[in-house]
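Overview (structure and organization)
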Amino acid sequence: MVVLTRTTVAGRERVRGRRRRGEDLTKVLFVLPAAVAMIALFGYPVVKNLLMSLQDYTLKTFFTGVAPWVGLQNYSTVVHDKLFADAMLNTALFTIGSIAFQFVIGLGLALFFRNRFPLGGLLRSLLLLPWLLPLIVSSATWRSILEQDSGILNRTLMGLHIVNDPVPWLNSPSVALIAVIGVNIWIGIPFNVTLLYSGLSEIPDELYEAGQLDGATGWRAFFHITWPNLRSVAGVVLMLGVVYTIKVLDIILGLTGGGPANATQTLATQSYEKSFVDFKFGQGAALSNILIAISFVFAIFYLRSTRRAVDE
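Residues numbered from 1 in each chain as written. Predicted model: local features only at pLDDT ≥ 70, side-chain atom pairs only at ≥ 80, totals over all residues. Heavy atoms only, no water.

Rules: UniProt positions are given in the numbering used here, feature names are shortened, and annotations may be inferred rather than shown by experiment.
The name given to the chain in an unreviewed UniProt entry is Carbohydrate ABC transporter membrane protein 1 (CUT1 family), and the organism recorded there is Kribbella pratensis. Here is the UniProt Subcellular location (unreviewed entry) comment for the chain, exactly as written: "Cell membrane". Per its UniProt entry, the chain bears the Sequence similarities (unreviewed entry) comment "Belongs to the binding-protein-dependent transport system permease family."

**Points about the overall build of the chain**
To keep it simple, the criterion reads: Segments assigned H or I by DSSP are reported as helices when at least four residues long, segments assigned E as strands when at least two residues long, and all are numbered from the N terminus. Here the term buried applies to any residue with accessible area under 20% of the maximum for its type, exposed to any over 50%, and partly exposed to those in between, with areas from a 1.4 Å probe on protein chains only. In this description, contact between two residues means that some pair of their heavy atoms is separated by no more than 4.5 Å. To measure how exposed things are, a 1.4 Å probe is used in the Shrake-Rupley method; for residues, cover is taken only from the protein chains shown. Counted as positive: Lys and Arg. Counted as negative: Asp and Glu, with His and the chain ends omitted from the count. Charge coordinates come from a single atom per side chain, which is NZ of Lys, CZ of Arg, CG of Asp or CD of Glu.
Across its full length, the chain carries 14 helices and zero strands. Traced from its N-terminal end to its C-terminal end, the chain shows the element sequence α-α-α-α-α-α-α-α-α-α-α-α-α-α. Along the first, second and third principal axes, the C-alpha atoms of the chain reach 105 × 75 × 30 Å. Taking all 312 residues of the chain together, 36% fall into the buried category. Within the chain, contacts between residues separated by at least 24 positions form 67% of all contacts whose residues are at least 6 apart in sequence. Accessible area for the chain stands at about 19,300 Å²; split by element, carbon and sulfur atoms hold 67% of it. The average position of the 25 basic charges and that of the 19 acidic charges among the side chains of the chain differ by 15 Å.

**Describing helix α13 (residues 267-276)**
Counted residue by residue, α13 has seven buried out of 10 residues, so it is predominantly covered. Of all the positions in α13, only L267, A268, T269, Q270, S271, K274 and S275 are classed as buried.

**Structural notes on the UniProt feature "domain: ABC transmembrane type-1" (unreviewed entry) in the chain**
Feature annotation in UniProt places "domain: ABC transmembrane type-1" (unreviewed entry) on residues 88-302, given in this structure's numbering. Helix makes up 73% of residues 88-302 and strand 0%. Its end C-alpha atoms lie 22 Å apart.

**Describing the UniProt feature "transmembrane region" (unreviewed entry) in the chain**
The UniProt entry lists residues 28-47, 92-113, 125-145, 175-197, 233-255 and 281-303 under the feature "transmembrane region" (unreviewed entry), expressed in the numbering used here. For residues 125-145, helix accounts for 86% and strand for 0%, while the C-alpha atoms at its two ends are 24 Å apart. For residues 281-303, the helix share is 100%, the strand share is 0%, and the end-to-end C-alpha distance is 31 Å.

**Comments concerning the environment of A100**
Summarising the element assignment, A100 is placed in helix α4 (residues 82-114). Each C-alpha atom, one on A100 and one on G241, is 9.8 Å from the other, the two residues being 141 residues apart in sequence.

**Let's talk about the domain arrangement of the chain**
Our working definition: Residue ranges labeled as domains rest on an automatic or database domain assignment.
Parsing the chain into structural domains produces domain 1 (2-44) and domain 2 (81-311). Distance from the C-alpha centre of domain 1 to the C-alpha centre of domain 2: 47 Å.

**A short note on α4**
Condition: Here a helix's expected span is defined as the number of its residues, less one, multiplied by 1.5 Å. We define a polar contact as two N or O atoms separated by no more than 3.5 Å, with the added condition that, inside protein, one atom must be a possible hydrogen donor and the other a possible acceptor, whereas residues neighbouring each other in sequence contribute only through side-chain atom pairs.
End to end, α4 covers 49 Å across 33 residues, agreeing with the expected 48 Å (1.5 Å per residue, within 8%). The N-capping residue of α4, defined by a side-chain oxygen 2.8 Å from the backbone nitrogen of L83, is D81.

**With respect to the nonpolar core**
Let me state the cut-off plainly: Put simply, a nonpolar core is a bunch of buried Ala, Val, Leu, Ile, Met, Phe, Trp, Tyr and Cys residues held in one set by side-chain atoms that sit within 4.5 Å of each other.
Among the nonpolar cores identified, the biggest contains 19 residues, and L146, W169, L170, V183, I251 and L255 are the most heavily contacted of them. Counting only elements with at least two residues in this core, the list comes to α9 (176-201) and α12 (250-255). Among the elements that take part in this core, α9 stands out by supplying nine residues, more than any other. With sequence-adjacent residues up to four places away left out, W169 is seen in contact with L146, L153, N154, L157, V175, A176 and A179. Core analysis: the second largest hydrophobic core is formed by 13 residues, A110, L196, L200 and A234 among them.

**With respect to a nonpolar patch on the surface**
Basically, it comes down to this: Residues with no salt bridge and a relative accessible area higher than 30% make up the patches, which join like charges within 9 Å and nonpolar side chains (Val, Leu, Ile, Met, Phe, Trp, Tyr) within 5 Å. One speaks of a salt bridge when a side-chain nitrogen belonging to Lys or Arg is within 4 Å of a carboxyl oxygen belonging to Asp or Glu.
The grouping of L119, L122, L123, L126, L129 and L132 at the surface amounts to a nonpolar patch, some 600 Å² of accessible area in total. When residues of the nonpolar patch are traced back to their parent elements, those giving at least two are α5 (120-127) and α6 (129-132). In terms of residue count, the dominant contributor to the nonpolar patch is α5 (three residues). Topologically, L123 is positioned in helix α5. The partly exposed category is assigned to L123, whose relative accessible area is 38%.

**So, unusual backbone geometry**
That bond from G259 to P260 is cis: its omega, -10°, falls within 30 degrees of zero. Note that P260 resides in the loop between α12 and α13. Phi angles above zero are rare outside glycine, and H161 is one such case at about 60°. A residue is classified by how much of its surface remains accessible, and H161, at 70% relative accessible area, is exposed. Backbone geometry places N262, a non-glycine residue, at a positive phi of 60°. On the secondary structure map, N262 appears in the loop between α12 and α13.

This is how it looks when you write it as structure tokens:
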């Protein structure tokens, strides 16, 4: 029989404690490079942008290194700018219009592809092409399609006698925003189809079979079986879509540059122009921080939706 003294037990506890601390240190060392990279690549730019928004940071600052502290003056200037209200409205219309149609069309296509048919997998793969193309390439392509005089869309509409004169898709303040929203819808549909189709695939077929016995077919099956089981995924898709769409810049710059007559000016394009056209980096940073704050609100809803989806 082995008798353990208090000294022996205490010694073993110290050994276990050192081993545990060594394991904890090893875990920290493995995570440390990723943490440093996150801070360097994401943390520093965010903090720097916040500081710039509180300074009179202009092109002159790059030569003199002097950026006077102005506090919230940049925020006050951009908010009271005559274009700010229009940019806010355009941002809201662009985001709501894009998300609504992307979701509805994406849901319809996801329901369509849920039915098995020949070449269904190939068609789903081809549907991803708009999402995989660089945004600047997509905007350049659509710019040629929407060209007033030589664009294929106007030629087709006139050839079918739907319109008598070419439609100034990108040159008229009354239709330019609609055209930009349409292009963004085309780009965002694959994202919605992919996530919604994944959600539909998780719904057991047994539920539909049981529903048929109770007379739940067609729209009744959708409202009583499909939608309740897809609601958590749909919430995530909508919130994530808002976070992505609200900061879209490439498409608008490639199509209209914020024009004509600021008809497609959003907070993102206005921030770009303040920073890289007017070289008022402090005001541009202030606008981008306002955009970040709005995105952050929706990001919180997204995280809550994600947690709720995981719990369910």
